[in-house]
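Chain by chain, the residues:
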Amino acid sequence: MLAMAFAALERGLEAEREQIGLWAPVALGAGIAAWFALPDRAGWLGFCCLALGIACAACLLPAGARSRHMLVTGGVMMALGCVLVWGKALMVGQPPLARPWFVQMTGEVGAVAAMPAQHMVRLMVRPLDRPDLPRLIRVNVGEGDVPVGLGRGAVIRFRARLMPPAPAAVPGGYDFARRAYFQGIGATGRALAPIEVMRPAPGGAESVRARLSAHIGTRLSGGAGGIAAALATGDQGAIPEADAEAMRRSGLAHLLSISGLHVTALIGAVMLLTLRLAALSSRAALHLPLMLIAAGVGALAGIGYTVLTGAEVPTVRSCVAALLVLGGMAMGRDAVTLRLVAAGALVVLAFWPESLVGPSFQMSFAAVVAIVALSSSRRHRELTMARDEGWPRKLARGIGALLLTGFAVEIVLAPIALYHFHQAGLLGAFANLIAIPLTTFIVMPFEALALLLDPLELGDPAWWVVGQALGLLLALAHRVAASPIAVMLAPAFPAWVFAALVIGGLWCLLWRGRWRWLGVAPLLMGMAAIVTTPPPDLLVTGDGRHVALRLPDGGMALLRARAGDYVRDVLSESAGYDGALSAIADLPQARCSADMCAATLDRAGRRWRLLVTRSRDLVDPAVLARDCALADIVVSDRWLPRSCRPRWLKIDRRMLARTGGVALTLSTGRINRVRAEGDAHPWLPPLKQQESGGASGKGT
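Reading guide: rules and limits
Residues numbered from 1 in each chain as written. Predicted model: local features only at pLDDT ≥ 70, side-chain atom pairs only at ≥ 80, totals over all residues. Heavy atoms only, no water. Axes fitted to C-alpha atoms, helices over the stretch in contact; angles between N-to-C directions. Helix = DSSP H or I, 4+ residues; strand = E, 2+ residues; numbered from the N terminus. Parallel < 35°, antiparallel > 145°, perpendicular 65-115°, else oblique. Left-handed = near helix turned anticlockwise from the far one by under 90°. Contact = heavy atoms within 4.5 Å. pLDDT = per-residue confidence, 0-100. Pairing = 2+ DSSP bridges. Buried < 20%, exposed > 50% of the residue type's maximum accessible area, 1.4 Å probe, protein only.

### Description of the packing of helix α7 (residues 208–219) against helix α8 (residues 222–233)
Now for step 1: α8 packs onto α7 with a crossing angle of 150 degrees between their chain directions and a minimal axis gap of 9 Å. With respect to each other, α7 and α8 are oriented roughly antiparallel. Both α7 and α8 take part in a crossing whose hand is right-handed. Contact with α7, carried on its side by Arg 209, Leu 212, Ser 213 and Ile 216, involves Gly 225, Ala 228, Ala 229, Ala 232 and Thr 233 of α8 and no other residues of that element.

### With respect to the confidence of the model for the protein chain
Now for step 1: With 95% of its residues at a pLDDT of 70 or more, the protein chain has an overall mean of 86.
Now for step 2: Element-level mean pLDDT values for the protein chain span from 71 in helix α13 (residues 313–330) up to 96 in helix α3 (residues 24–37).
Now for step 3: Long-range and interchain partners of residues 689–700, a stretch whose pLDDT sits below 50, account for 26 contacts in this model, where long-range means more than four residues apart.

### Considerations on the pairing of strand β5 (residues 187–199)
Now for step 1: Pairing of strand β3 (residues 137–142) with β5 involves 4 bridges; the strand directions are parallel. Bridging across to β5, Asn 140 finds its partner in Arg 190.
Now for step 2: As paired strands, strand β4 (residues 155–163) and β5 are joined by 8 bridges and run antiparallel to one another. Paired with Arg 161 across the two strands is Arg 190, which belongs to β5.

### Quick word on unusual backbone geometry
Now for step 1: Between Ala 193 and the following residue, Pro 194, the backbone shows a cis peptide bond with an omega angle of 0 degrees.
Now for step 2: Mapped onto the elements of the fold, Pro 194 is located in strand β5.
Now for step 3: The phi dihedral of Asp 129 falls on the positive side, at around 55 degrees, and the residue is not glycine.
Now for step 4: Of note, Asp 129 is situated in the loop between β2 (120–127) and β3.
Now for step 5: Asp 129 gets classed as exposed once you look at its relative accessible area, which sits at 76%.
Now for step 6: Although it is not a glycine, His 422 sits at a positive phi angle of roughly 65 degrees.
Now for step 7: With respect to the helices and strands, His 422 occurs in the loop between α17 (391–421) and β6 (423–425).

Written out as structure tokens, the structure is:
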């Protein structure tokens, strides 16, 4: 029986031999993901040993068996992925600042990013003669505080309150600390006026990217100018938040991040222009390899565009893929295959392994895999193949193919968007039906033309076309975003659910045989888990200052009614909520004083009593002990005394130092935390010795 099963497996792998290589980046990515998922060195070493053990055990299989080659290579690649990201973390990562700190410092400005929409300028500063500070610090400067002479290469002196890069505030939130660690940023803060320029920026130090963004801002204002700058340079700092949110909700945000659409449009336009110009010479047309020359010029244009726009992961991936396509064209081969996607993934993961866990990498590659897999299917080829028919039918087939591609991309991206952003677009396929041609064939060509004509002072007509087209794009985004069915919301769900969806999706997309449908099982399991995951009843941020309650009618209430938009967005998104936030003090089931709020929650047939502190003033210890004893859950942003003993759970500074922000689901008693037990990843500050006894109640 075992021999028959092994023989059947080998026959299946032989039939899929063209697809086996596609799993190399998946194995490498699995090792990288394991390093992020496992908490400490013991786990990382254990995973490497397990992966290499699988590779060694596979050597016992018959020589020449494809399963043997797959398991040996896969085990080695998984171990290599874990070691790769671990090594990069040790070599280039920047440990965070140990604690908040007011400092007077002198530093050299390494980069300047104007953010007009937020009325500030963001600086990357390298401290001078301060070995006690991180190597690189990110500080914000208000527009009114920017001194003359500030620019890249300037040396400035200023005061600032520095903070460690912020981890996720609540489970499922954005983890800036992890990203900052790999970018070498050890602290963030805001520079306080006055800012003294010790040495002004050298003449011409402003980057081409910054000068180009500033020039575009003088030609187009508002959201249109911000989007035009983003398309040309990748700089999204000038896009108003309302317009950026509309683009996200309408499924058009991918147009703002330089990726495959932009790189392909640029390379295609450069190649077409090169071919047309070269064909004007009969000698060149007859004796020179024009396609090879055009491909070379297009490759140079793509590389230059990638560097100009900041070399973000989607741009690098798109550039690598485009170069592979151009190489395949030069050799006369069909290069638009999943193999080029796999090659691009290997290149990106080899140089930027940390990008695997970010939404940019995941959404970029998922979209391309979906498009290429769909385009290589037999029925899609039948739909798009050339036919001798009238233009109405040809147009209808083109629109149908575009819609089908849009739906496929939306379906593939939905789990990624729900995991990272807790919302996914439902109308993006229809919005992109207009937005993609508008951007590709009108906005980008006319913007390039306007920039070429501006030195001759002839660019006004082209800029008018760009402005009108971008106005139409923004109107479309706001109209779609305003629809009540524009987005699907979901609360934060466990990482294993996302892993099941990823594994199932890759299994269905990368194999061609009938066994690819086995991937439907983890997909269905993951989708069922998302649908049945209840929203949290109580959310507490990592500093303990902000608390959100889910109300019986589905609404949410905040402890601090004056919390900023960022805090409100973080709490709402993690809970999968898209409505207005009320105040706990205004609830009929709450009683609040200047120091504390007490509220009741009815969940799963039980009444829960909640006590939350809301000030830093000293509370009578006897009163605090009495109120704690009457509460099931106590939440505070301070260190509570041992005499405070709630019936179930005490969430105070002592507990939050170990867990980070928490989310409670009272119907199941589940406590979801930002920081796993024993998490020793280097971007997290080491845990200090905590006082023993009375730190937490049952369930912590």
